[in-house]
Amino acid sequence: MDRRTLLAASGGALASTAVATQAHAAPSDRWHGRDVVRFNVISDIQGDLRDFGRALDDMAAVNPRSAGLAVAGDITPRGYDFEYAQVSTELRRHSHPRDVAWAIGNHEFYVPKWRDPDTLAQDTWPNGTTEDSLFRSFYRFAGRNAVHAETSFGGVPVLCLGTERYMHFHDPKLWDEVWLSDAQFAWLEDRLWHWSRRGKPVMVITHHPLPNTVSGTRNKLYSSDYLQADRLLSLLGRHPDVFLFSGHTHWDLDLSDWIVRRVVPGTANLNGFTVVNTGAIQTGFRDDGKGGETTVEGTFNQGLQVEVHRDSVVIKARDFARRTWLKQITVPLSR
């Protein structure tokens, strides 16, 4: 089955040292009465419910008042309804925030590769499964009727994006590539400007990584995930206080380009926007030095804790298996 830098304007990686901020202090009630809003971001559960449970327990211990949990896709291994139900059951077994934001991933579209849950049959794809049924399964689970959605974690806006087509249904040469409708682009542009005018940072959750951003995105495996990458970059790149969280690669958060600053030419924003790798719950990968990737040895179970302050955002990489922090970085807000 397929599974499928913070850069400064000069092209260098963002230093972990503090950067002088030009942001102005906001009122203390900016985040629903809190000076700091903390939430978590994970991705790529892919049926690894045991590690998912361990991650939930660790997040609850370290961040007991979390304002929310964002899951950046690959919620299930294949997209069967019973697999979504297993995730829901595991979630209920552990302490977790009330607000959970789900983004759709490519593994949510893998039912057509199977004749039944026990019989892989890729030669007879789609095995009677319709594209519409795959979206309906996700909608029932996520409790909404669209791929894109907005929620709030303690007053911090969170936008989920996702493909609106599984492309192999539309082009036999394509598989997991991401396609966004004009309506989703218009919605995203509207919400980014809405929150920009109000001086709030925006957290964007999407499964697939954008090219030339975080770890793995210069690898041929992940260089063309988006069919409209330039259009999406042009929207995000106009806003210095956008934070994009992507999964899919499973690449190790211990790598130096786990978080980058992406500058998009022509957007008049020379500071760029922040892009963050979310790690993975199930299996880790690194570059193999040959244009591919290799599995990280040992137990792998990683994710993020995000802290939104009045004038900055602190992003921490967490090893849930070892219950240790891997690294952290502070990103000043522009206002």
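Residues numbered from 1 in each chain as written. Predicted model: local features only at pLDDT ≥ 70, side-chain atom pairs only at ≥ 80, totals over all residues. Heavy atoms only, no water.

### Brief notes about the overall build of the protein chain
Then, in step 1: Of regular secondary structure, the protein chain possesses 5 helices and 16 strands.
Then, in step 2: A compact globule built from 335 residues should have a C-alpha radius of gyration of about 20 Å, and the protein chain, at 19 Å, falls within 12% of that.
Then, in step 3: If you line up the protein chain on its principal axes, its C-alpha atoms span 60 × 45 × 40 Å.
Then, in step 4: Buried residues in the protein chain amount to 59% of all 335 residues.
Then, in step 5: Total accessible area on the protein chain is roughly 13900 Å²; 48% of this is exposed by carbon and sulfur atoms. (Helix = DSSP H or I, 4+ residues; strand = E, 2+ residues; numbered from the N terminus. Rg over C-alpha atoms; globule rule 2.2 N^0.38 Å. Buried < 20%, exposed > 50% of the residue type's maximum accessible area, 1.4 Å probe, protein only. Areas by Shrake-Rupley, 256 points an atom, 1.4 Å probe, with all protein chains shown as cover.)

### Details of the pattern of salt bridges
Then, in step 1: If you walk through the whole model with that rule in mind, you get 17 salt bridges.
Then, in step 2: Residue Asp81 is joined to Arg140 by a salt bridge in which the shortest nitrogen-to-oxygen separation is 3.2 Å. Of this pair, Asp81 sits in helix H2 (residues 81-92) while Arg140 sits in helix H3 (residues 131-142), placing them 59 residues apart in sequence.
Then, in step 3: Look at Asp81 and you get partly exposed, because its relative accessible area is 42%.
Then, in step 4: The structure contains a network of salt bridges with shared partners spanning Arg38, Glu307 and Lys316. (Salt bridge = Lys/Arg side-chain N within 4 Å of Asp/Glu carboxyl O.)

### With respect to the sheet that holds strand E3 (residues 100-103)
Then, in step 1: On the basis of which strands lie adjacent, the open sheet formed by 6 strands has the order E3-E2-E1-E14-E15-E16 and mixed pairing. The open sheet has two edge strands, E3 and strand E16 (324-332), and neither has a second partner. Averaged over neighbouring strand pairs, the angle between their axes works out to 20° when direction is ignored.
Then, in step 2: Where helix H1 (residues 49-62) meets the sheet, it contacts strand E1 (37-42), strand E2 (69-72), strand E14 (302-308), strand E15 (312-319) and E16, and its direction lies at approximately 165° from that of E1. (Pairing = 2+ DSSP bridges. Axes fitted to C-alpha atoms, helices over the stretch in contact; angles between N-to-C directions. Contact = heavy atoms within 4.5 Å.)

### Topic: the environment of Thr249
Then, in step 1: Assignment of secondary structure puts Thr249 in the loop between strand E9 (242-246) and strand E10 (259-262).
Then, in step 2: Between the alpha carbons of Thr249 and Gly216 there is a distance of 6.6 Å; along the sequence they are 33 residues apart.
Then, in step 3: A polar side-chain atom of Thr249 sits 3.1 Å from the main-chain amide nitrogen of Trp251. (Polar contact = N/O pair within 3.5 Å; in protein donor to acceptor, adjacent residues only side chain to side chain.)

### Description of the confidence of the model for the protein chain
Then, in step 1: When the pLDDT values of the protein chain are averaged, the result is 91; 90% of them are 70 or greater.
Then, in step 2: Predicted confidence for residues 1-29 stays below pLDDT 50, and this span has 71 contacts to residues more than four positions away or in other chains. (pLDDT = per-residue confidence, 0-100.)

### Some points on helix H4 (residues 182-197)
Then, in step 1: The end-to-end C-alpha distance of H4 is 23 Å, a good match for the 22 Å that 16 residues give at a rise of 1.5 Å each.
Then, in step 2: Those residues of H4 that sit buried are Gln184, Phe185, Trp187, Leu188, Arg191, Leu192, His194, Trp195 and Ser196.
Then, in step 3: Contacts made by the buried residues of H4 are with strand E6 (149-153), strand E7 (156-160), strand E8 (202-206), helix H5 (229-236) and E9.
Then, in step 4: In the segment just after H4, Gly199 is the residue with positive phi, at about 70°. (Expected span 1.5 Å × (residues − 1).)

### A few points about the pairing of strand E11 (residues 273-277)
Then, in step 1: Counting buried positions along E11 yields 5 of 5 residues, so the element is predominantly enclosed.
Then, in step 2: The alternating pattern of E11 places Phe273, Val275 and Asn277 on one face and Thr274 and Val276 on the opposite face, and all of these are buried.
Then, in step 3: Pairing of E9 with E11 involves 4 bridges; the strand directions are parallel. Residue pairing in the sheet places Leu244 in a bridge with Val275 of E11.

### Concerning the packing of H4 against H5
Then, in step 1: At a minimum axis distance of 10 Å, the contact between H4 and H5 shows a crossing angle of 15°. In terms of orientation, H4 lies roughly parallel with respect to H5. Handedness of the H4/H5 crossing: right-handed. Judged by residue contacts, Asp182, Phe185, Leu188, Glu189 and Leu192 of H4 engage Arg231, Leu232, Leu235 and Leu236 from H5.
Then, in step 2: Broken down by class, the residue content of the contact of H4 with H5 amounts to 6 nonpolar, no polar and 3 charged. (Parallel < 35°, antiparallel > 145°, perpendicular 65-115°, else oblique. Left-handed = near helix turned anticlockwise from the far one by under 90°. Nonpolar A, V, L, I, M, F, W, Y, C, P; charged D, E, K, R; others polar.)

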